[in-house]
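# Overview (structure and organization)
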Amino acid sequence: MSGVLGGRAGWRSCEDEQEAVASLVRQLKAQTWLVGGRDDELIEAVHRHAAAVRSALAAVGCAVTVEPDLVRVHTPVEPVGLMPEGAAPEGVWLWLTVAVLESLPPRVRLGQVVGAARSAAAEVDILVTQSQPELRALVTGLRMLCERGILIELDGRVDDLMEGEQDPPVLLRIQPARLLHLLPRSVPLDDEGQWVCDPGQDPQGWLHSLHRDSDPGVRVCGMLADRAVVHVCDLDDAERQWFSTHLAREGSRVAELFGLHLEHRLEGASLVVPEEIGDDRVLGSFRFPHHQQRGAGTLRHAALLVIDYLTSEGERGGPTAPGEGWCGAAASCVVRQLAELAVRHTRWRGEYRRRPEQLAAQIRALLERADLLRVTPGYEDWWWLSPAAARWTVVPQDGPVPDPAHNAGTET
């Protein structure tokens, strides 16, 4: 489904411009920063097909900055209600680090950057604990800046900070000209050129203030390009009207620009990766388990069995259901079903067989990443499964189910 937007390789071997552009825009939707010295071939290809790339990305609401050593894709803003909730400490440390980079010399030790970021945190009353979770969040934020070419590791790696040294021998180069590309576009400004809304004081208000395209068709196509599935129940009135009258024609045109297929039904739609370009190198924010059981681990096998259980045994609709066609069951029923399945599937991972509630939590995280599951909180959590999940089914198991890798079910 979409969110899985094509393979890393392929554009160099394309025989015509349409295939080359389709492969490039799939790559750019998955990798929104290309930086010189690391992505030179892709940057050169974007320059060669710049007009067609801009046109294809504009169809899904994206703007693109093309410079000699940088390509930056600006993606549309999601509705606030669909954004993930909760704290994102790695994002906090990313922005704290960004705030101090301009005042540091172009070549700087990692310890200087970390010390300046911690000082900035203290200035805004963020408690600095130097605990392992905080350290991991800080390193994740630094790694995000390296991936965007804003920090360049000249000697050593930012991950060396996890080894416990306060000032590991890591030398960085700062690219201050790229800092501006981090900022979102079309933020409302006051007469003095400052943001009208302070994201630190009113994050929800700031998110609401960000520009969204006025064309409902561009908004829907942008959702199709970014999500595993677009549910009609999440669309506003204008978007629903466009979905029912124009999606079949205009959505298919956008799918063709990306070299994908449009799959749509009454309850929603998705852009699907053709089998000929879908392989283990497929990029994107999510990749759901394959139909085939061979090679799937305990987590993925159990997730498919839960889909079958909710589809066949779950309550359909209901006052708390996100939309028409969703199947639901109480969280305790899911855990009980997993416990029964664990008795039958003796090759499942022992930890999951002993603690079905832990397996249920992992399955929930897996399905929520693809927006195939929504949980309604209450006296007891209620699981609602999207109708789109019916495209997967369990294949009879012919051999043993190996234990999942540490990142099973979270391929990108």
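Looking only at helices and strands, the chain features 13 helices and 15 strands. For the chain, buried positions account for 45% of its 412 residues. By element, 50% of the accessible surface of the chain is carried by carbon and sulfur atoms, the whole surface being about 21,000 Å².

As a further point, take the nonpolar core. Among soluble globular proteins, nonpolar side chains are generally buried collectively. Counting 37 residues, the largest nonpolar core has Leu 28, Leu 57 and Leu 224 as the members making the most contacts within it. Among the nonpolar cores identified, the runner-up in size contains 34 residues, and Ala 121, Leu 142, Val 158 and Leu 161 belong to it.

With that settled, consider the sheet that holds strand E4 (residues 70–74). On the basis of which strands lie adjacent, the open sheet formed by 3 strands has the order E2-E4-E3 and antiparallel pairing. On the outer flanks of this sheet lie strand E2 (33–35) and strand E3 (63–67), each paired with one strand and no other. Across the sheet, the axes of successive neighbouring strands diverge by a mean angle of 5 degrees, strand direction being ignored. In the sheet, E3 pairs with E4 via 5 bridges, with the strands oriented antiparallel. If you follow Thr 65 over to E4, its bridge partner there is Arg 72.

The 3 strands lie next to each other as E5-E7-E6, forming an open sheet whose pairing is antiparallel. Each end of this open sheet is capped by a strand with a single partner; those strands are strand E5 (107–109) and strand E6 (151–155). Strand-to-strand twist in this sheet, taken as the mean axis angle between neighbours without regard to direction, amounts to 35 degrees. As judged from the 4 bridges shared by E6 and strand E7 (residues 171–174), these two strands associate in the antiparallel manner. Bridging across to E7, Ile 152 finds its partner in Arg 173. Against the sheet, helix H5 (residues 110–123) engages E5 and E7, with an angle of about 75 degrees to E5.

Compared with an ideal rise of 1.5 Å per residue, which puts 14 residues at 20 Å, helix H13 (residues 356–369) spans 20 Å between its outermost C-alpha atoms and is within 8% of the ideal. Taken as a whole, H13 has its buried residues at Pro 356, Gln 358, Leu 359, Ala 360, Ile 363, Leu 366 and Leu 367. As for H13, its buried residues are in contact with helix H10 (298–313), helix H11 (331–344), helix H12 (350–354), strand E14 (373–376) and strand E15 (382–385).

Moving on: unusual backbone geometry. For Asp 125, which is not a glycine, the phi torsion comes out positive at approximately 65 degrees. Tracing the backbone shows Asp 125 in the loop between H5 and helix H6 (132–147). Using a relative accessible area of 71% as the deciding quantity, one classes Asp 125 as exposed.

The next subject is the environment of Arg 157. Relative to the helices and strands, Arg 157 is located in the loop between E6 and E7. Judged by relative accessible area, which is 47%, Arg 157 ranks as partly exposed. Those residues within four positions of Arg 157 in sequence are excluded, and the remaining contacts are Leu 110 and Val 170. Within the structure, Arg 157 has its side chain in polar contact with the side chain of Glu 153 (distance 3.2 Å).

Pairing analysis gives 4 bridges linking E14 to E15, with the strands arranged antiparallel. In the sheet register, Arg 374 faces E15, and the bridge partner there is Trp 384. Here E14 folds back onto E15, and the loop between the two strands holds 5 residues.

Right, let's get into the pattern of salt bridges. With the rule as written, the count across this model stands at 19 salt bridges. Among the ionic pairs, Arg 38 bridges to Asp 39, the shortest N-O distance being 2.8 Å. Its relative accessible area of 41% is what places Arg 38 among the partly exposed residues. When its relative accessible area of 9% is taken as the criterion, Asp 39 is described as buried. For Asp 159, the salt bridge is made with Arg 143, and the minimal N-O distance between the two is 2.5 Å. Here Arg 143 lies in helix H6 and Asp 159 lies in the loop between E6 and E7, a separation of 16 residues in the sequence.

Our focus in this paragraph is helix H2 (residues 40–48). Inspection of H2 places Leu 42, Ile 43, Ala 45 and Val 46 among the buried residues, and these make up the whole buried set. For H2, the arc enclosing every buried residue in end-on projection is 160 degrees, short of the 170-degree limit, so these residues lie on one face. Buried residues in H2 make contact with helix H1 (17–30), E2, helix H3 (50–58), E3 and E4.

What follows covers the confidence of the model for the chain. On average, residues of the chain score 82 in pLDDT, and 84% of them reach the 70 mark or higher. Overall, residues 279–285 carries pLDDT values under 50, and its contacts beyond four positions in sequence, including any with other chains, amount to 27 contacts. Note on residues 291–296: pLDDT under 50 across the span, and 12 contacts to partners over four residues away in sequence or across chains.

Counting through the fold element by element, Glu 67 comes out in strand E3. On the basis of relative accessible area, Glu 67 is assigned to the partly exposed category, the value being 28%. Sequence separation of Glu 67 and His 47 is 20 residues, and the distance between their C-alpha atoms is 8.6 Å. Each residue touching Glu 67, except ones within four places of it in the same chain, is listed here: Ile 43, His 47 and His 181.

Inspection of the entire model under this criterion finds 1 aromatic pair. Ring plane angle 45 degrees and centroid distance 6.1 Å describe the contact between Trp 382 and Trp 384, whose orientation is recorded as tilted. Judged by its relative accessible area of 26%, Trp 382 is partly exposed. It is Arg 349 that lies over the ring of Tyr 352; its NZ or CZ is 5.6 Å from the centre.

Cut-offs applied
For every chain, the first residue of the written sequence is number 1, and numbering continues from 1 onward in sequence order. Where local features are concerned, this predicted model is filtered to residues with pLDDT of at least 70; where side-chain atom pairs are given and counted, the filter is 80 or more; whole-chain, interface and lining totals use all residues. Water and hydrogen atoms play no part in the side-chain values, which are based on all heavy atoms of the structure. Helix and strand assignments come from DSSP, with helices taken as H or I runs of at least 4 residues and strands as E runs of at least 2, each series counted from the N terminus. Working definition: with a 1.4 Å probe on protein chains only, accessible area under 20% of the residue-type maximum means buried, over 50% means exposed, and in between means partly exposed. Working definition of accessibility: Shrake-Rupley area with a 1.4 Å probe, residue cover restricted to the visible protein chains. Nonpolar cores were defined as sets of buried Ala, Val, Leu, Ile, Met, Phe, Trp, Tyr and Cys residues, with membership established by side-chain atoms within 4.5 Å. Any two strands with at least two DSSP bridges between them are considered paired. Simply put, an axis is a line fit to the C-alpha atoms, just over the touching stretch for a helix, and the angle between two N-to-C directions goes from 0 to 180 degrees. Between two residues, a contact is recorded if the distance between any of their heavy atoms is within 4.5 Å. In a helix, the anticipated span is given by 1.5 Å times the number of residues less one. Polar contact criterion, stated in full: a pair of N or O atoms within 3.5 Å, where within protein one must be able to donate a hydrogen and the other to accept it, and residues adjacent in sequence count only if both atoms are side-chain atoms. The salt bridge criterion pairs a side-chain nitrogen of Lys or Arg with a carboxyl oxygen of Asp or Glu, the two atoms within 4 Å. Here the arc refers to the set of directions running from the helix axis out to each C-beta atom. What pLDDT reports is the predictor's confidence in each residue, on a scale of 0 through 100. When two rings of Phe, Tyr or Trp (its six-membered ring) have centres within 6.5 Å they constitute a pair, described as stacked for plane angles under 30 degrees, edge-to-face for angles over 60, and tilted for the intermediate range. Any Lys NZ or Arg CZ that is within 6 Å of a ring centre and within 35 degrees of that ring's normal is treated as a charge sitting over the ring.

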